[in-house]
Amino acid sequence: MSSTPSNLNVTYMGLSLPSPLVAASSSMTHTLDGVTACAWAGAGAVVLKSLFEEQITAQVEHELSLTEDSLYLAEAADYVRNYTTENAVGDYLELIKKSKAAVDVPVIASIHCVTPRGWTRFAHEAELAGADGIECNVFIPPFDQKLKGADLEQRHLDIVAAIRKETSLPIALKVGYYFSNLYRTLLKFGRSDIQSLVLFNRFLYPDMDISTMKMNSSSVLSTSADALRSLRWIGILSPEIPVQLAASTGIHDSADAIKQLLAGAQVVQVCSSLIKNGPGHFKTLNEGISGWMAGKGFSSIDEFRGALACDKNDIGAAYERVQYMKLSFGDKS
Ligand SMILES: Cc1cc2nc3c(=O)[nH]c(=O)nc-3n(C[C@H](O)[C@H](O)[C@H](O)COP(=O)(O)O)c2cc1C
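Let us look at the structure shown here. Chains are numbered independently. Their residues run from 1 in the order of the written sequence. Totals for whole chains, interfaces and linings use all residues, but because this is a predicted model, local features are given only for residues with pLDDT of at least 70 and pairs of side-chain atoms are given and counted only at 80 or more. Hydrogen atoms and water are omitted, and side-chain values are computed over all heavy atoms in the structure.

Turning our attention to the overall build of the protein. Runs of E in the DSSP output that reach at least two residues are strands. Runs of H or I that reach at least four are helices, and both are numbered from the N terminus. Counting its regular elements, the protein contains 12 helices and 13 strands. A 1.4 Å probe rolled over the protein chains alone gives each residue an accessible area, and that area as a share of the maximum for its type sets the label: buried under 20%, exposed over 50%, partly exposed in between. Buried positions account for 50% of the 333 residues belonging to the protein. Note on definitions: a residue-residue contact is assigned when non-hydrogen atoms from the two residues lie within 4.5 Å. In the protein, of all internal contacts separated by at least 6 residues, the share reaching a separation of at least 24 is 72%. In the structure as shown, the protein presents an accessible area of about 16,500 Å², 55% of it carried by carbon and sulfur atoms. Shrake-Rupley sampling with a 1.4 Å probe provides the accessible areas, and residues are treated as covered by the protein chains on show and by no other component.

This is the structure in structure tokens:
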């Protein structure tokens, strides 16, 4: 029995979840033990650790030389070969089957990709293995001089269309935020054949150690401060986008989760705080949300979801400009 109180029920991607807290794709959801620990502690759904496009295409080596992304993929495939098992796809399908047999919350397969070619049949195989949905993390760092902004956006839509050809499962699209007009682009994605948009991917940043004068990486794990980007865009988009929004990045405590729901998120995904605190953190988060709801007199999440979403008549960008006009740090009044 899960410890989740029933008044936290939500639907997401057409699926019934006992809680709006979703275990994000990560090392925590890479094993059956991790998946069951999250579900038993109160996760409303589990997104499995991603299978990478290169893991699939590396099993069909000759396809690499046929794609226009062959340089990138060939390099990535070399890397993947060293870090993945011989039968990554088979192992992944086994994880889906075993997870479905072990837990009673939805199990969402995840794919990490950069192109719509060579791997999309996997979506069909994931459906046959029993996955309840597919989350597609399109992770294209914007460093390619030759890739125009419009083509980058189109690539996302092509990937969605290619997956849709292979499966009738609900699709969640997990995206970054490096687009020239983020608002318009996200709306365009929201009108494609998906059920949910996951905002956002977390890009890791390089950092430097000035004593050794060497490069190092900034923290892999987020903090609550990192949640503000998703909060803004979920608040702006939720009143008008025709798909459900999942908040991702920086949800560490129940207040972080409640804010995203108030902005209009259907669910929130949790990763860093689980890695820090262990899967038992789901219980703490669910209790925090329930306690807050009881204090405010809410008996379901639908009663307050979107209560603080952006007012359609108050264009978000103009609102922020006015805020800056009001700010004057020299002014003591
Ligand atoms: C160790 C680790 C592994 C991750 N692996 C994946 C992955 O395979 N696929 C994916 O879409 N996101 C992956 N992520 C990103 C998380 O799903 C999540 O989007 C990101 O960490 C931001 O959420 P957070 O602030 O709650 O950590 C990973 C994150 C971490 C820390």
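From this point, things continue past the structure.
Side chains bearing opposite charge may pair, as long as their charged atoms lie close to each other. Think of a salt bridge as a Lys or Arg side-chain nitrogen and an Asp or Glu carboxyl oxygen that are within 4 Å of each other. This structure, assessed with the given rule, holds 8 salt bridges. Where Glu-166 meets Arg-121, a salt bridge forms, and the shortest distance between an N and an O atom there is 2.7 Å. Of this pair, Glu-166 sits in helix 6 (residues 149-166) while Arg-121 is found in helix 5 (residues 121-129), placing the two residues 45 residues apart along the sequence. Owing to a relative accessible area of 46%, Arg-121 belongs among the partly exposed residues under this scheme.

Once that is clear, we can look at helix 1 (residues 32-41). Taken as a whole, helix 1 has its buried residues at Gly-34, Val-35, Thr-36, Cys-38, Ala-39 and Ala-41. Looking at the buried residues of helix 1, the elements they touch are strand 3 (21-23), strand 4 (45-47), helix 4 (88-102), helix 10 (272-277) and helix 11 (281-296). Where helix 1 terminates, the next one or two residues include Gly-42, which has phi positive at roughly 120°.

Okay, the site of the ligand next. Think of it this way: one heavy atom of a residue within 4 Å of a molecule or strand is enough to make that residue near it. Near the ligand, the surroundings consist of 20 residues, among which Ser-25, Ser-50, Asn-137, Ser-222 and Ser-272 are the closest. Whenever a nitrogen or oxygen atom comes within 3.5 Å of another N or O atom, the pair is scored as a polar contact, on the condition that within protein one atom can donate a hydrogen and the other can accept it, and that pairs from neighbouring residues in sequence are kept only if both atoms are in side chains. One of the side-chain nitrogen or oxygen atoms of Ser-50 is found 2.6 Å away from a nitrogen atom of the ligand. Between Cys-271 and the ligand, the recorded distance is 2.9 Å, taken from a backbone N or O atom to an oxygen atom. In the complex, 87% of the free accessible area of the ligand, which totals 600 Å², lies under the protein chains. Class assignment of the residues belonging to the shell around the ligand gives a composition of 6 nonpolar, 11 polar and 3 charged. Just so you know the grouping, Ala, Val, Leu, Ile, Met, Phe, Trp, Tyr, Cys and Pro go in nonpolar, Asp, Glu, Lys and Arg go in charged, and all remaining residues, Gly too, go in polar.

By nonpolar core we mean a set of buried residues, namely Ala, Val, Leu, Ile, Met, Phe, Trp, Tyr and Cys, connected to one another through side-chain atoms within 4.5 Å. Among the nonpolar cores identified, the biggest contains 93 residues, and Leu-197 and Leu-199 are the most heavily contacted of them. Here this core gets 6 residues from one element, more than from any other, and that element is helix 4. In contact with Leu-197, other than residues within four places in its own chain, are Leu-173, Val-175, Leu-186, Phe-189, Ile-241, Val-243, Gln-244, Leu-245 and Ala-246.

It is worth spelling out the environment of Thr-36 at this point. With respect to the secondary-structure elements, Thr-36 resides in helix 1. A sequence separation of 68 residues divides Thr-36 from Asp-104, and the C-alpha atoms of the two residues are 9.5 Å apart. Of note is the side chain of Thr-36, whose polar atom sits 3.0 Å from the backbone oxygen of Asp-33.

Of all 5 residues making up strand 8 (residues 171-175), 5 are buried, and the element is well covered by its neighbours. Along strand 8, one buried face is formed by Ile-171, Leu-173 and Val-175 and the opposite face, lined by Ala-172 and Lys-174, is buried too. Examined bridge by bridge, strand 7 (residues 133-138) and strand 8 share 4 bridges and lie parallel to one another. Residue pairing across strands places Asn-137 opposite Lys-174, the latter belonging to strand 8. Each parallel crossover has a hand, and for strand 7 linked through helix 6 to strand 8 it is right-handed. Inspection of the sheet shows strand 8 paired to strand 9 (residues 196-199) by 4 bridges, in the parallel sense. In the sheet register, Leu-173 faces strand 9, and the bridge partner there is Leu-197. By convention a crossover is right-handed if, when the strands point away from the viewer, the path from the first strand over the helix to the second runs clockwise. Between strand 8 and its parallel partner strand 9, the chain crosses via helix 7 (residues 182-190), and the hand of that crossover is right-handed. When DSSP finds two or more bridges between a pair of strands, those strands are recorded as paired.

Below, the discussion takes up empty space enclosed by the protein. Throughout, the protein atoms alone are placed on a 1 Å grid, and a set of points is a cavity if a 1.4 Å probe fits but cannot get out or a pocket if it is open with protein on both sides within 12 Å along at least five of seven lines; lining residues have an atom within 4 Å of a point. Grid points are joined across faces, edges and corners, and a volume is the space filled by probe spheres set on the points. Tallied over the full model, the rule gives 1 cavity of 30 Å³ or more. Here the largest cavity defines a volume of roughly 70 Å³. Taken together, Val-138, Phe-139, Ile-140, Leu-152, His-156, Gly-176, Tyr-177, Tyr-178, Phe-179, Asn-201 and Phe-203 make up the full set of residues lining the largest cavity. Here the lining of the largest cavity is composed, by residue class, of 8 nonpolar, 3 polar and no charged.

What is shown is where atoms sit, not what they do.
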